[in-house]
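An overview of the molecular structure
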Amino acid sequence: QGLTSHSRSPDECAEQALCAKNSPVLRTGLSEKIRSDDSKVTLDDPDWTMVQQQQLEKGLQAFKISDYPNVKERWGLIASLVPHKSAKDCAKRYKEIRLKLKQAKLKEASS
C-alpha cells in the first residue's frame, strides 16, 4: 500500500525538518549554509550551476511536503523551476546535499 496523506517516509520527515521555519538552512540558503562550515562541505558539482542550485532551493521552499503530498508531483513542480534539470535530477541533488550536511554535522559532533 502507498503512503497515506498523513504518513511520511523518513526522507520526507528529514526534508520537512530541513525546511522548518527556524532552520538555518532556510534562513541563510542551502548553498551558504554548506559553504559556511569552514569549507568542510561544498556544493561544487560541474553538472549544477549556481542558478540551478538557487532555483532548486526556491522550489523546495515554494513546494512544501505539507502542501504537495504527492512526491512525484512535488518534484515535478520543483524541477519546473530548475533550468535543464528533471525531477529525478533535483531529488538526487537534494538527497546528496542532505547527506553531506548530515555527515558534516556528525563529524562536528564527534570532534
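Note that the structure is predicted; figures quoted are calculated from it, not measured.

Attention now moves to unusual backbone geometry. Of note in this structure, His84 is not a glycine but carries a positive phi near 65°. You can see His84 is positioned in the loop between helix 5 (71-81) and helix 6 (87-110). A relative accessible area of 77% places His84 in the exposed class.

A few words on the packing of aromatic side chains. If you walk through the whole model with that rule in mind, you get two aromatic pairs. When the ring of Phe63 is compared with that of Tyr68, the centres are 5.3 Å apart and the planes differ by 75°; the resulting orientation is edge-to-face. When its relative accessible area of 14% is taken as the criterion, Phe63 is described as buried. Its relative accessible area of 23% is what places Tyr68 among the partly exposed residues. Between Trp75 and Tyr94, the ring centres sit 5.9 Å apart and the planes meet at 50°, which makes this aromatic pair tilted. In this pair, Trp75 sits in helix 5 while Tyr94 sits in helix 6, placing the two residues 19 residues apart along the sequence. Each member of the pair, Trp75 as well as Tyr94, is classed as buried. Lying across the ring of Trp75, Arg74 places its NZ or CZ 5.5 Å from the centre.

What counts and how
- Residues numbered from 1 in each chain as written.
- Predicted model: local features only at pLDDT ≥ 70, side-chain atom pairs only at ≥ 80, totals over all residues.
- Heavy atoms only, no water.
- Helix = DSSP H or I, 4+ residues; strand = E, 2+ residues; numbered from the N terminus.
- Buried < 20%, exposed > 50% of the residue type's maximum accessible area, 1.4 Å probe, protein only.
- Phe/Tyr/Trp six-rings, centres within 6.5 Å; stacked < 30°, edge-to-face > 60°.
- Lys NZ or Arg CZ within 6 Å of the ring centre and 35° of its normal.

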